[in-house]
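Chain by chain, the residues:
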Amino acid sequence: MQNTKTINVAHSPDADDIFMYQAIKFGWLSSDFLRFTNIALDIQTLNDEALKGSYDATAISFALYPLIRNDYALLRTAVSFGDGYGPKLIKKKGVKLKRNFKVALSGANTSNALLFRIAYPEARITYKNFLQIENAVLSGEVDAGVLIHESILDFSPELEIQREIWDIWREIGSQNLPLPLGGMALRRSLPLTDAIECEKILSDAVRIATLHKEFLSKMLLQRNMIRVDSQKLKTYLNLYANEGSVNMSDEALDALDVLFSLGYKHGFYDALIKSRDYLIPSQYNELRYR
């Protein structure tokens, strides 16, 4: 009998990440030789901790990945992409933004921050927890802010959308590809068999959650694990926790390559990488036990 190894999984407290992990948390599936623990942290904290190598498996902003590529592999599952939607740059209604406007972003290594900084190189940036950004704009502390997660669904009527990050992506990405936002990374120091099993279990968790979306959503709402009401939860999960979240498609991987290329071109990364080179070789077990 194999010894059981514990994999600590870090994810964000937003609805899609919680939703995609809960099949494991509720014991709906398990592994013969891995067990899982989890912790929920805001996205920039997750990115900071990934730079330190704090967790075995962690949610990250895709824009962070080239900075941790030597220590973490990319997982194909539990991913979030925007397709005609995504984070929103908001300001007070009627306010005209100057070239060097002050803006609140959710973190230096987020995907929306990368695209924003390319589009608005003269903006003065401050970083805040994503839950504080709307109030920072309303109070006048900043001129504008980029809303993420569930905040994009419901914000003050005193605010208006200046620009969609999706539109920036289409303009500078120049391709008809989905907007890469967040995914999962797995520590490279894990044995390959453990890494393959971990990706499989996490993929199964997302698949099961997606198949039983209505039932699982009710459970999360009843346990007060979600910050939004049932209708907003349904809308949000349809955007960011769907069939495309189970396993990255070739189109999604192509989109990642465009994001990484943009970051390299604008000096955010020290090397140009291709996403497919950093995936876990899941075919290893098939070849090993053939």
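The rules behind the values
Residues numbered from 1 in each chain as written. Predicted model: local features only at pLDDT ≥ 70, side-chain atom pairs only at ≥ 80, totals over all residues. Heavy atoms only, no water. Helix = DSSP H or I, 4+ residues; strand = E, 2+ residues; numbered from the N terminus. Rg over C-alpha atoms; globule rule 2.2 N^0.38 Å. Buried < 20%, exposed > 50% of the residue type's maximum accessible area, 1.4 Å probe, protein only. Contact = heavy atoms within 4.5 Å. Areas by Shrake-Rupley, 256 points an atom, 1.4 Å probe, with all protein chains shown as cover. Lys, Arg positive; Asp, Glu negative; His and termini not counted. Charge placed at Lys NZ, Arg CZ, Asp CG, Glu CD. Pairing = 2+ DSSP bridges. Salt bridge = Lys/Arg side-chain N within 4 Å of Asp/Glu carboxyl O. Axes fitted to C-alpha atoms, helices over the stretch in contact; angles between N-to-C directions. Core = buried A, V, L, I, M, F, W, Y, C linked by side-chain atoms within 4.5 Å. Phe/Tyr/Trp six-rings, centres within 6.5 Å; stacked < 30°, edge-to-face > 60°.

Q: Please explain the overall build of the chain as it appears in this structure.
A: Within the chain, the secondary structure is distributed over 12 helices and 11 strands. The C-alpha atoms of the chain give 19 Å as radius of gyration, which agrees with the globular expectation for 290 residues (19 Å, within 12%). Taken over the C-alpha atoms alone, the chain extends approximately 65 × 45 × 35 Å along its principal axes. Considering the chain as a whole, with its 290 residues, one finds that 56% of them fall into the buried category. Look at the contacts in the chain between residues 6 or more apart in sequence, and 76% of them connect residues 24 or more apart. Summing over all exposed atoms, the chain offers an accessible surface of approximately 13,400 Å²; the carbon and sulfur share of this is 45%. Distance from the positive charge centre (34 side chains) to the negative charge centre (35 side chains) of the chain: 3 Å.

Q: Explanation requested: the pairing of strand β9 (residues 144-147) in the structure shown.
A: Along any regular strand, the residues point their side chains to alternate faces of the sheet. The two faces of β9 match: Ala-144 and Val-146 on one face and Gly-145 and Leu-147 on the other face are all buried. Of the strand pairs in this sheet, strand β6 (residues 88-92) and β9 are connected by 4 bridges, and their pairing is antiparallel. Opposite Leu-89, over in β9, you have Val-146 as the bridge partner.

Q: I would appreciate a short explanation of the pattern of salt bridges in the present structure.
A: On inspection of all chains with the given rule, the structure shows 17 salt bridges. Between Glu-49 and Lys-52 there is a salt bridge, with the nearest N and O atoms lying 3.2 Å from each other. Within this pair, Glu-49 and its partner Lys-52 are both found in helix α2 (residues 43-52), separated by 3 residues, close to a single helical turn. By relative accessible area, which is 17% here, Glu-49 ends up buried. A relative accessible area of 60% places Lys-52 in the exposed class.

Q: Would you mind going over the side chain of Glu-199 with me for this structure?
A: Examined against the element boundaries, Glu-199 turns out to sit in helix α7 (residues 192-211). In this structure, Glu-199 is in contact with Leu-74, Leu-75, Arg-76, Thr-77, Ile-280 and Ser-282, ignoring residues within four places of it in sequence.

Q: Sorry, what's going on with the sheet that holds strand β10 (residues 159-164) here?
A: Strands in a sheet are paired, the pairing made by backbone hydrogen bonds, and the direction either parallel or antiparallel. Strands sit in the order β8-β7-β9-β6-β10 across an open sheet of 5 strands; the sheet is mixed. One side of each edge strand has no neighbouring strand; the edge strands of this open sheet are β8 (124-127) and β10. The average undirected angle you get between the axes of adjacent strands in this sheet is 30°. Strands in contact with helix α4 (residues 111-119) are β6, β7 (102-105), β8, β9 and β10; relative to β7, the strand with the most contacts, it is inclined by about 160°. On top of the sheet, helix α6 (residues 165-173) reaches β6, β9 and β10; it is set at about 15° to β10, its chief contact.

Q: Would you mind showing me how to read the nonpolar core here?
A: Side chains that are nonpolar tend, in soluble globular proteins, to be buried together. Within the largest apolar cluster, 106 residues are counted, with the highest numbers of intra-cluster contacts made by Phe-36, Tyr-65, Phe-101, Phe-116, Trp-169 and Met-248. In contact with Tyr-65, not counting residues within four places along its chain, are Ile-60, Tyr-72, Ala-73, Leu-74, Arg-188, Phe-260, Ile-273 and Tyr-278.

Q: I would appreciate a short explanation of the environment of Leu-147 in the present structure.
A: On the secondary structure map, Leu-147 appears in strand β9. Looking at Leu-147, the relative accessible area reads 1%, which means it is buried. Along the chain, Leu-147 and Asp-42 lie 105 residues apart, while their C-alpha atoms are 13 Å from each other. Not counting residues up to four positions away in its chain, the partners in contact with Leu-147 are Pro-87, Lys-88, Ile-90, Ile-133, Glu-134, Ile-152 and Phe-155.

Q: Please explain the packing of aromatic side chains as it appears in this structure.
A: Using the criterion set out here, one finds 8 aromatic pairs in the structure. Relative to Tyr-278, the ring of Tyr-65 has its centre 5.8 Å away and its plane inclined at 75°; by these criteria the two rings are edge-to-face. Of this pair, Tyr-65 sits in helix α3 (residues 65-68) while Tyr-278 sits in the loop between α11 (250-265) and α12 (284-288), and the two are 213 residues apart along the sequence. Ring-pair connections join several aromatic residues into one group, and the members of that group are Phe-26, Trp-28 and Phe-215.

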